[in-house]
Each structure stands twice: as structure tokens, then as C-alpha cells.
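For reference, the chains in residue letters:
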Amino acid sequence: MKNYKLWLKNIIIPLVVGGIVGLVISKYIDYNTINKPILSPPSYIFPIAWTILYILMGISYSIIETNQQLDKRTKTIYYTQLLINALWSIIFFIFKWRFISIIWILILLIIVIYMTILFYQRNKTSALLQIPYILWLIFATYLTIGVYILNK
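Just so it is clear, the structure is predicted and the values come from calculations on it, not from any experiment.

Engineer: Talk me through the packing of helix 2 (residues 45–66) against helix 6 (residues 131–150); I want residue IDs and the actual numbers.
Structural biologist: Following both chains from N to C, one finds helix 2 and helix 6 inclined at 145 degrees, their axes separated by 10 Å at the closest point. Handedness of the helix 2/helix 6 crossing: left-handed. Residues I45, F46, A49, W50, L53, L56 and M57 of helix 2 form the contact with helix 6, whose participating residues are P132, Y133, W136, L137 and L143. Residue composition of the contact of helix 2 with helix 6, grouped by class: 12 nonpolar, no polar and no charged.

Below is the structure:
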């Protein structure tokens, strides 16, 4: 029963963080009115994609924690990337600091790659569950750069 609660907590935390950020930025989102690069998905794709990514993130973290492979560095990196992830939306949508959001998402991508390496050293499955997140961040970086260029 303890593992079930642990897994539930680890899946709920990123979902709640993402949900709170979504609520905070909802009235500031200008995605449908800005110029977007080619391959930009419709706006309804983002909450679906992020929900899946947050669930995978929580499962991945739970695998490491359940196997007692979690150390302070890995825990710090995990929660740091979650915070940086949340702040990106605020920087991009509320403040509309598009250039800073490019730098911010690149920092996030680097941290998530590092986190994935740490996860891989502890559990390969846990690391593999982060691959969709990395791929989505690469795509999101492309979108962020495109929005910046097309809306200067």
C-alpha cells in the first residue's frame, strides 16, 4: 500500500504543478493570435501532451524512488526541472519575454537531459520514460524560437 501512495503522490505532483500554471496563465495565452512557425500544433494538443508527459515524469521518478535509488542530487535535479518547466509558461505567456523564454527552455532541456542521464544510471526504464519529454522540449524549443522570430 505504501508504494501505491508513493506512486500516486509522484504522479499527482507534476500534474498539480502543471494544472496550477495552466490556470494562472490561462487568461494570458495568446497562442491563437500570434504568428507561429510551420508544424505548430493546434492549441488543444498542448494540455493533452503535457498531461501525458507529467504522468510519465511521475512514473519515471517513482521507479527510482521505489527502488531506493533516489539520492539528494537526483531529487534536486528533478524538482528543479519541474520548477523551471513551470516558470517557462509564465515567462512566455504572462510576461511575453519571448527571447528570454528561448534561453529558459534551452536551460530546461539541458537540465532534463542531465536528469535523464542520472535516471539512466539508476534505472534504464526510468530514463527511457523521459525520452518523450526530451523530444517534446526539442519541439517546444523550435516553436519558441519560431514565435520569437515571427513576432518581433
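Engineer: Just give me the short version of the pattern of salt bridges, but keep the residues and values in it.
Structural biologist: Inspection of every chain in the model, using the stated rule, returns 3 salt bridges. Across the salt bridge formed by D30 and R98, the nearest N and O atoms sit 2.5 Å from each other. With D30 in the loop between helix 1 (2–25) and helix 2 and R98 in helix 4 (residues 98–122), the pair connects residues that are 68 residues apart, well separated along the chain. Comparing D30 with R98, the two get one shared label, buried. Linking D71 and R122 is a salt bridge whose minimum nitrogen-to-oxygen distance equals 2.8 Å. Of this pair, D71 sits in the loop between helix 2 and helix 3 (72–94) while R122 sits in helix 4, and the two are 51 residues apart along the sequence. Owing to a relative accessible area of 29%, D71 belongs among the partly exposed residues under this scheme. Ionic contacts of the salt-bridge type, sharing partners, join the residues D30, K96 and R98 into one network.

Rules used throughout
- Residues numbered from 1 in each chain as written.
- Predicted model: local features only at pLDDT ≥ 70, side-chain atom pairs only at ≥ 80, totals over all residues.
- Heavy atoms only, no water.
- Axes fitted to C-alpha atoms, helices over the stretch in contact; angles between N-to-C directions.
- Helix = DSSP H or I, 4+ residues; strand = E, 2+ residues; numbered from the N terminus.
- Left-handed = near helix turned anticlockwise from the far one by under 90°.
- Contact = heavy atoms within 4.5 Å.
- Nonpolar A, V, L, I, M, F, W, Y, C, P; charged D, E, K, R; others polar.
- Salt bridge = Lys/Arg side-chain N within 4 Å of Asp/Glu carboxyl O.
- Buried < 20%, exposed > 50% of the residue type's maximum accessible area, 1.4 Å probe, protein only.

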